[in-house]
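# Residue-level structural notes
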Amino acid sequence: MSLLLVRIDDRLLHGQVTQGWGSVLKPDRFVVANDAAAGSDWEKEMYEATAPEGGLVSVLSLSETGDRIREWIEAGESVVLLIENPEDALTLYQTGLKFEVLNMGGLHHRDGRKRILPYVCLDADDIVALEGLRDHGVMIECADVPNCERKDLFACLGSTASGI
């Protein structure tokens, strides 16, 4: 099948993803790619418990994500991949998991981040990682839910990227 969605969301897997994106895309599997969650039995259980009926959730380290996703796709599964931040997305891409579009769905405010859209706040390190992905030809779109207008991240940034 295919990699249906590659999404950055600092909350990783939650209702907006399982119900919003999941009801539209109907993936066989949600993959949470996050070293901390993969190393925590409690977090793995929490994310696995959010699986919609009939769906699967896998919580993987960054190092194992690419190979496992390729295996599932070759076996005929469709996958939604959830990543916590731009740096991890760039790491996955550079280690061989290729994707054409990256969805920015929720990077919320914290110290040092500048608000770009109501649901996207970025700092300088985020911009560097996203520029790296763009330089590899990845389209970076912003959309918090499936039925909203998709916006090109770098068009939204305009001249503000240098000011972050």
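Cut-off values and rules
- Residues numbered from 1 in each chain as written.
- Predicted model: local features only at pLDDT ≥ 70, side-chain atom pairs only at ≥ 80, totals over all residues.
- Heavy atoms only, no water.
- Helix = DSSP H or I, 4+ residues; strand = E, 2+ residues; numbered from the N terminus.
- Rg over C-alpha atoms; globule rule 2.2 N^0.38 Å.
- Buried < 20%, exposed > 50% of the residue type's maximum accessible area, 1.4 Å probe, protein only.
- Contact = heavy atoms within 4.5 Å.
- Areas by Shrake-Rupley, 256 points an atom, 1.4 Å probe, with all protein chains shown as cover.
- Axes fitted to C-alpha atoms, helices over the stretch in contact; angles between N-to-C directions.
- Parallel < 35°, antiparallel > 145°, perpendicular 65-115°, else oblique.
- Left-handed = near helix turned anticlockwise from the far one by under 90°.
- Nonpolar A, V, L, I, M, F, W, Y, C, P; charged D, E, K, R; others polar.
- Phe/Tyr/Trp six-rings, centres within 6.5 Å; stacked < 30°, edge-to-face > 60°.
- Lys NZ or Arg CZ within 6 Å of the ring centre and 35° of its normal.
- Core = buried A, V, L, I, M, F, W, Y, C linked by side-chain atoms within 4.5 Å.
- Pairing = 2+ DSSP bridges.
- Polar contact = N/O pair within 3.5 Å; in protein donor to acceptor, adjacent residues only side chain to side chain.

## Structural notes on the overall build of the protein chain
When helices and strands are tallied, the protein chain shows 7 helices and 9 strands. Taken against the 2.2 N^0.38 rule, which gives 15 Å for 164 residues, the C-alpha radius of gyration of the protein chain at 15 Å falls within 12% of a compact globule. Once the C-alpha set of the protein chain is aligned to its principal axes, its extents read approximately 45 × 30 × 30 Å. Here the protein chain holds 164 residues, and the buried ones make up 48% of them. The contacts in the protein chain between residues at least 6 apart in sequence include a share of 67% that link residues at least 24 apart. When the accessible area of the protein chain is evaluated, it comes to approximately 7,700 Å², of which 48% is carbon and sulfur surface.

## Here's the deal with the packing of helix H5 (residues 86–94) against helix H6 (residues 124–135)
Here H5 crosses H6 at 30°, and the two axes come no closer than 8 Å. As summarised for this structure, H5 and H6 are arranged roughly parallel, according to the angle between their axes. In this structure, H5 meets H6 at a crossing whose hand is left-handed. Packed against H5, whose contacting residues are Pro86, Glu87, Ala89, Leu90 and Tyr93, the element H6 presents Asp125, Asp126, Ala129, Leu130, Gly132 and Leu133 at the interface. A breakdown of the residues in the contact of H5 with H6 according to their chemical character gives 7 nonpolar, 1 polar and 3 charged.

## Quick notes on the packing of aromatic side chains
Applying the stated rule across the entire model yields 1 aromatic pair. Considering the side-chain rings of tyrosine 93 and phenylalanine 99, the 5.3 Å spacing of their centres and the 85° angle between planes classify their relative orientation as edge-to-face. Considered together, tyrosine 93 and phenylalanine 99 belong to a single accessibility category, that of buried residues. For lysine 98, the ring lying beneath its charged end belongs to tyrosine 93, and the centroid distance is 4.2 Å. Lying across the ring of phenylalanine 154, arginine 134 places its NZ or CZ 4.2 Å from the centre.

## Brief notes about the nonpolar core
If you look at the biggest cluster of nonpolar residues, it comprises 35 residues, and the most contacted ones within it are Leu102, Leu122, Leu130, Leu133 and Leu153. Setting aside chain neighbours within four positions, we find leucine 153 in contact with Ile116, Val120, Leu122, Leu130, Ile140 and Cys142. The next biggest cluster of nonpolar side chains, apart from the first, holds 15 residues, and it includes Trp21, Phe30, Tyr47 and Val59.

## Here we look at the side chain of aspartate 126
Mapped onto the secondary structure, aspartate 126 falls in helix H6. The buried category is assigned to aspartate 126, whose relative accessible area is 1%. Once residues lying within four places of it in the same chain are set aside, the contact partners of aspartate 126 are Pro86, Glu87, Arg113 and Cys121.

## Thoughts on the sheet that holds strand E2 (residues 29–33)
Taken in spatial order, the 7 strands of this open sheet run E3-E2-E4-E1-E5-E8-E9, and their pairing is mixed. Because the sheet does not close on itself, it has two edges, and the strands there are strand E3 (56–60) and strand E9 (151–152).

## Section: the environment of serine 63
Tracing the sequence through the fold places serine 63 in helix H4 (residues 62–74). Separated by 28 residues in the primary sequence, serine 63 and aspartate 35 have C-alpha atoms spaced 8.4 Å apart. At 3.1 Å, the side chain of serine 63 and the side chain of serine 61 are in polar contact.

## Overview of H5
Of all the positions in H5, only Pro86, Asp88, Ala89, Leu90, Leu92 and Tyr93 are classed as buried. Looking at the buried positions of H5, the neighbouring elements they touch are strand E1 (3–9), E2, H4, strand E4 (79–83), strand E5 (101–106) and H6. Sitting at the amino-terminal end of H5 is asparagine 85, which places a side-chain oxygen 3.2 Å from the backbone nitrogen of glutamate 87. Taken from the residues just after H5, glycine 96 is the one with a positive phi, measuring 115°.

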